[in-house]
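Structural characterization, general
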Amino acid sequence: MEDDEAQLIHDMRNTTLVLKGAAQQLHEHHDAMTPAMRANLTAMLVRRSDMLARLLTDLTTSHQVERDDLALAMQPVSLATLCREVLEEGELPVATQVVLDLHDDAVVLADPLRVTQVLDNLVTNALRYGGAQVRVSATRAGSVVHLAVSDDGPGVPDDLVDTLFDAYVRGASSPGLGGSGLGLLIARQLCEAMGGSLSYAHHGGARFTATFAALPTSDVPVTGRDVAHAGHSVAFWTATDRMARDLTDYVAHGLLAGEAVVVAATAAHHDLLHEGLTALGIDPHGAIASGQYVALDADELHLDLAPHDHIDPERFASLVAAPVTAVARRWRTVRVYGEIVDLYSRRGDDQLALELEACWNELRRDISFPLLCAYELTPDEVVPSFCDCHDAVVAI
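Computed from a predicted structure; not experimentally measured. (Residues numbered from 1 in each chain as written. Predicted model: local features only at pLDDT ≥ 70, side-chain atom pairs only at ≥ 80, totals over all residues. Heavy atoms only, no water.)

**With respect to helix α4 (residues 112-129)**
- Given a rise of 1.5 Å per residue, 18 residues ought to cover 26 Å, and the 26 Å separating the end C-alpha atoms of α4 matches this to within 8%.
- Among the residues of α4, Arg 114, Val 115, Gln 117, Val 118, Leu 119, Asn 121, Leu 122, Val 123, Thr 124, Asn 125 and Ala 126 are the ones counted as buried.
- Its side-chain oxygen at 2.9 Å from the backbone nitrogen of Leu 113, Asp 111 defines the N-terminal cap of α4. (Helix = DSSP H or I, 4+ residues; strand = E, 2+ residues; numbered from the N terminus. Expected span 1.5 Å × (residues − 1). Buried < 20%, exposed > 50% of the residue type's maximum accessible area, 1.4 Å probe, protein only. Polar contact = N/O pair within 3.5 Å; in protein donor to acceptor, adjacent residues only side chain to side chain.)

Right, dumping it as structure tokens:
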């Protein structure tokens with residue numbers, strides 16, 4: 001690995017020297033050059049600059065992944081739109097054709113910048129090693145979307161298939177083509193970081209298929225209003241079916257909008273939520289698998305957060321704030337539902353409920369996200385007096 005990285009640095013240094021030499025020639029001999037000479041030299045500068053930028057991007061991304069410091073902004077991404085935009089921006093080699101087969105329902109949960117990197121790596125690879133035609137397709141298959149880049153070249157040599165996604169693996173013709181040897185590794189790492197995968201198959205040429213989680217869709221319209229705009233809101237409920245409906249609406253609005261949702265609820269209420277989402281045609285297990293829906297156990301948390309009759313800030317930081325922060329680092333938008341406070345209130349520990357609400361408000365000062373807290377009331381019970389720690393009361 002160290003020898004290969006040293007070779008990559010050597011390649012970048014040589015490219016930099018070539019750029020410097022060409023720029024110096026243009027500066028010192030511009031007037032003596034013919035227009036054709038100047039055009040050729042300028043075109044070479046552009047090609048070499050693009051090559052250097054690609055090498056630096058690959059090396060930077062590789063180091064970010066290794067340090068677990070990769071920035072993501074997961075959100076809905078239309079692969080049809082993104083692929084057209086990316087491919088229209090690039091210049092194709094002479095006598096090369098890119099055929100597009102992009103379906104409008106191929107909307108994924110991903111980071112558009114990172115998907116662009118994956119697509120750019122795969123198309124560049126196909127243009128380097130494939131034949132005259134490259135095909136890019138994006139099709140939805142249930143809860144996933146497949147982005148495939150195929151070429152009509154000879155395919156990957158058999159002796160390279162097993163190590164294809166390793167660092168600094170290059171074919172016999174690679175050194176003269178300006179590759180870093182990191183492109184396919186990075187493409188796979190980026191796909192996996194976004195909850196997807198990348199695979200290779202020989203199919204009359206090379207075919208690389210990136211698979212991403214699809215944006216959830218609903219078979220039934222979500223009729224309840226979305227209360228996420230209310231900031232830190234609170235709902236009081238007296239009937240379980242009303243609570244289940246409001247919770248389902250709150251979570252469904254987020255999932256369908258491509259937001260991440262963190263739900264701290266009891267096991268019984270998680271079951272009701274799953275039933276409600278399934279009735280809408282939303283797969284809760286698929287959302288959990290993609291990392292879009294994060295389930296926390298309110299029963300366990302309410303026991304662990306207050307070991308000495310007060311909410312322990314350090315325990316809140318590790319048990320609640322940490323998972324919420326981790327989700328917020330990966331997703332452009334996140335919403336949270338919590339009913340741990342209700343479990344304290346039900347046993348008469350309103351002070352603990354207030355302390356936990358304060359911890360939530362402190363976390364929301366560090367990370368911007370809408371929060372809905374819920375409390376159960378008996379039919380004749382008066383609404384608690386601590387509503388002033390919320391921005392809005394959304395349901396009673």
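Having seen it, we continue.
**What to know about the sheet that holds strand β4 (residues 133-141)**
- If you walk across this open sheet you meet the five strands as β2-β4-β5-β7-β6, and the pairing is mixed. Two strands lie at the open edges of the sheet, namely β2 (97-102) and β6 (197-202), each paired on one side alone. Each strand of the sheet is rotated relative to its neighbour by a mean of 15 degrees, with strand direction disregarded.
- Helix-sheet contacts for helix α3 (residues 79-89) involve β2, β4 and β5 (144-151), and the interaxial angle to β2 is about 165 degrees. (Pairing = 2+ DSSP bridges. Axes fitted to C-alpha atoms, helices over the stretch in contact; angles between N-to-C directions. Contact = heavy atoms within 4.5 Å.)

**Regarding the packing of aromatic side chains**
- In total, this model carries five aromatic pairs according to the counting rule given.
- Arranged with centres 6.3 Å apart and planes meeting at 90 degrees, the rings of Phe 165 and Phe 208 form a pair that is edge-to-face. Here Phe 208 lies in strand β7 (residues 206-213) and Phe 165 lies in the loop between α5 (158-161) and α6 (183-193), a separation of 43 residues in the sequence.
- Ring plane angle 75 degrees and centroid distance 6.4 Å describe the contact between Trp 360 and Phe 369, whose orientation is recorded as edge-to-face.
- We classify Trp 360 as buried; its relative accessible area is 2%.
- In textbook terms, an aromatic cluster arises when at least three aromatic residues are bridged by ring pairs, as seen for Phe 165, Tyr 200 and Phe 208.
- Stacked on the ring of Phe 165, the Lys or Arg Arg 188 has its end atom at 3.8 Å from the ring centre.
- In this structure, Arg 335 packs its charged tip against the face of Tyr 250, placed 5.0 Å from the ring centre. (Phe/Tyr/Trp six-rings, centres within 6.5 Å; stacked < 30°, edge-to-face > 60°. Lys NZ or Arg CZ within 6 Å of the ring centre and 35° of its normal.)

That's the geometry; what it means functionally is another story.
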